[in-house]
Each structure stands twice: as structure tokens, then as C-alpha cells.
Amino acid sequence: MPEGVEVEYARRLIEERALGRKIAGIDAPDAWYLKRGLTAAALEPAVTGHRLTAARRRGKLLLLDTDRTGPTLGLHLGMSGRVLIDGHAAGDPLVYGSNLENPAWHRFTLRFADGGSLAMRDPRRLGAVELDPDEDRLGPDAFEVTQAEVDHVLTRSRAPVKAVLMDQSRIAGLGNLLVDEVLWRAGIDPARPARELDRNERRRVYRAVRRTLQLTLERGGSHTGDHMAQRVAGGVCPKDGTPFERRTIAGRTTFSCPQHQR
DNA sequence: GATGACCTGTGA
DNA sequence: TCACAGGTCATC
């Protein structure tokens, strides 16, 4: 779904309400939802009887550790996925997601021995479940990324700075909305080749990443940025009132201010 | 690295 | 009916 901020909400929900609970079985009615060769027949015995011991997150990947030498479960929320525990979700509803309940949208469920459950509801089926995921395919997490790491990825690519910031193998956790908000705050044109940014501009990007994550986390989601409200036809820049420009960059709809993003 | 594909729901 | 959607993956 969701970008790093929503995945962080899901992680916290799991940490608060699911840790220590024993898995009694799984419900995986959609074989397509299990990735990298995983099958329900292999997954169920691998996790049954184990307790959840930690809920971690790297970028948009949720990592559920189990006890002893039990496996780690990797959950991807895709574009429309949410985590429900005992039927309850975390955070605000997705702006572009459906909040209706439909049993057919429950693509994967962990059943707990106490009778509750951890379910993934995902209308669009673009999420995924995997076992012992390779966490190193992802770059440093956006919530913990350093200025040095930002400098490193930006100076090594000629791609548009937006494409670089959205590349999960470089920095993990920023999606389309958050990157637009970051570059709007930093005053950088999303189409600029990343390596052309000077030292001062890279510093602004780093600070905007920190500020954007802090702000949207406090406010309730990736859609709560100041820039987001103007992501519509006729939207104007909240800083200077200039009509926003709408383009496709890195394959994604991009809104930016032609006046102050340069 | 840009592009299209994946899948399905929503709103114009 | 169509365009579009906050993500990833394979392919050119």
C-alpha cells in the first residue's frame, strides 16, 4: 500500500497486539499471493506452533519473526493492502483504497491459538507473502537513512532524482506521494538528474526526507503531506500559489511546482 | 532506466 | 466506458 509510513503503522499494530501470540494455522486461499515458490502446504507447518516474537520493517517490507529457530514471515502490502488484527486496522483509511469489508479480499490470514487472527486485506492483490525474505535486496530504511547514504545514492546516478528516491534497492520506504512531498519541500525539480544536485541541494533532500516522514507519521499517513492536498487538477503550490505541473516521471504521476522546484 | 504488465476497485 | 490508483517485476 502504502508507503513506509503506513507500513510503520501496521508494524506498530502488530507489535502492540500480536506479539507473543501462538500461530495455530494459516488461511491462504489465494496461491498467487504466496511468492518465490512458497505454497500453503509448505508454509503452514513452518509457522504453526510458533509465537510471533518481533515485528520489524525495512522500507515497505514487514518482517514477522517467530520464536526459536522459527522462520521469518515477509509481508508486502502492495498498493491496497492493510493488516487487520482481530478485525481491526491501524491508522486512517487509505485515500484511494476501499474500506468496505469483503471476505474475498482477505488474501492471507494467520490464525492464532487464542481464536484471534492477523489478516491481510488486499482488494487489488498486488501484495505478497514470502518466507525468510532476502532483506538485503532493500537499501537502508528511509526512517534511518543518513546524509552520507543520501549523498552516496544521489551522486551515483544520472536518473531523475525522483526515480532514485523511489528505488527501494537504494533507499527503502519512500513511494510516489512521499517522494513528491520530499522534493517539493526541498525545492528540487523531480526530473533533475540526481548526480547534478550540489552539496547544498543534497542536504535539503536529506532534511526533507526526515521532515516529511516525521510530519506524515504524526498526521496519519502518506496522504497528509502539505503537497498532497494539491495533487488534483487545478492544484496550486501551497508555498507560492503557482499552478502545479503534472508529469509522468519514473513511470509515476508527478506533481511539482515549476516556480520554486528547480 | 524507461516501459509495460500484473490485478481489481473507484470515480469521473 | 475510461482513466487512474500510495507497488513491484520482467523486459527491452
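Definitions and cut-offs
Residues numbered from 1 in each chain as written. Chains lettered and ligands numbered in written order. Predicted model: local features only at pLDDT ≥ 70, side-chain atom pairs only at ≥ 80, totals over all residues. Heavy atoms only, no water. Pairing = 2+ DSSP bridges. Helix = DSSP H or I, 4+ residues; strand = E, 2+ residues; numbered from the N terminus. Contact = heavy atoms within 4.5 Å. Axes fitted to C-alpha atoms, helices over the stretch in contact; angles between N-to-C directions. Domains from an automatic or database assignment. Buried area = accessible area lost by both parts, 1.4 Å probe. Salt bridge = Lys/Arg side-chain N within 4 Å of Asp/Glu carboxyl O. Polar contact = N/O pair within 3.5 Å; in protein donor to acceptor, adjacent residues only side chain to side chain. Nonpolar A, V, L, I, M, F, W, Y, C, P; charged D, E, K, R; others polar. Core = buried A, V, L, I, M, F, W, Y, C linked by side-chain atoms within 4.5 Å. Buried < 20%, exposed > 50% of the residue type's maximum accessible area, 1.4 Å probe, protein only.

Let's talk about the sheet that holds strand β7 (residues 106–112)
Alright, step 1. One open sheet accounts for five strands, arranged β1-β7-β8-β5-β6; its pairing is antiparallel. The open sheet has two edge strands with one neighbour each: β1 (23–27) and β6 (88–89).
Alright, step 2. Bridge analysis of strand β5 (residues 82–85) against β6 gives two bridges, and the strand direction is antiparallel. Along β6, the bridge assignment pairs Leu 84 with Ala 89.
Alright, step 3. Lying on the sheet, helix α1 (residues 4–17) is in contact with β5, β6 and β8 (117–121); it crosses β5 at an angle near 15 degrees.

Remarks on the domain arrangement of chain A
Alright, step 1. Parsing chain A into structural domains produces domain 1 (4–136) and domain 2 (139–256).
Alright, step 2. Taking the mean C-alpha position of each, domain 1 and domain 2 sit 28 Å from one another.
Alright, step 3. If you look at the interface, domain 1 gives 15 residues, while domain 2 gives 20 residues.
Alright, step 4. Buried surface at the junction of domain 1 and domain 2, summed over both partners, amounts to about 1,300 Å²; 54% is from carbon and sulfur atoms.
Alright, step 5. The largest contributions to the domain 1 side of the interface with domain 2 come from Val 5, Tyr 9 and Lys 60, which together make up 34% of the buried area.
Alright, step 6. Run the count over domain 1 and domain 2 and you get one salt bridge.
Alright, step 7. For the salt bridge of Arg 57 with Asp 141, the shortest nitrogen-to-oxygen distance reads 2.6 Å.
Alright, step 8. At the junction of domain 1 and domain 2, the tally comes to 10 residue pairs in polar contact (both at pLDDT 80 or more).
Alright, step 9. Per-element accounting of the side of domain 1 that touches domain 2 gives the leading share, six residues, to α1.
Alright, step 10. Across the side of domain 1 that touches domain 2, the residue classes break down as six nonpolar, two polar and seven charged.

Let's talk about the nonpolar core
Alright, step 1. Of all hydrophobic cores here, the largest spans 57 residues; its most connected members are Phe 108, Leu 118, Val 129, Leu 154, Leu 165 and Val 205.
Alright, step 2. Sequence-distant contacts of Leu 154, defined by excluding residues within four places in its chain, comprise Val 161, Val 164, Leu 165, Ala 194, Arg 195, Leu 197, Arg 202 and Val 205.
Alright, step 3. The next biggest cluster of nonpolar side chains, apart from the first, holds five residues, and it includes Cys 237, Phe 244, Phe 255 and Cys 257.

So, the pairing of β8
Alright, step 1. Taking burial as the measure, the five residues of β8 include five buried ones, the bulk of the element.
Alright, step 2. Of the two faces of β8, the one holding Ser 117, Ala 119 and Arg 121 and the one holding Leu 118 and Met 120 are both buried throughout.
Alright, step 3. Here β5 pairs with β8 via four bridges, running antiparallel. Paired with Arg 82 across the two strands is Arg 121, which belongs to β8.
Alright, step 4. Both β7 and β8 contribute to a ladder of five bridges, which runs antiparallel. Across the sheet, the residue bridging to Thr 109 is Ala 119, located in β8.
Alright, step 5. Linking β7 back to β8 in an antiparallel pair, the connection comprises four residues, with Gly 115 at a positive phi of about 100 degrees.

Regarding the sheet that holds strand β9 (residues 128–131)
Alright, step 1. Judged by pairing direction, the sheet is antiparallel, and its four strands sit side by side in the order β2-β3-β4-β9 without closing on themselves. Every interior strand has two partners, whereas the edge strands, β2 (52–58) and β9, have only one. The sheet shows a mean angle of 20 degrees between the axes of neighbouring strands, direction not considered.
Alright, step 2. Relative to strand β3 (residues 61–66), β2 runs antiparallel, the two sharing six bridges. Its bridge partner lying in β3, Ala 55 is registered against Leu 64.
Alright, step 3. The sheet strands contacting α1 are β2 and β3, and the helix crosses β2 at an angle near 170 degrees.

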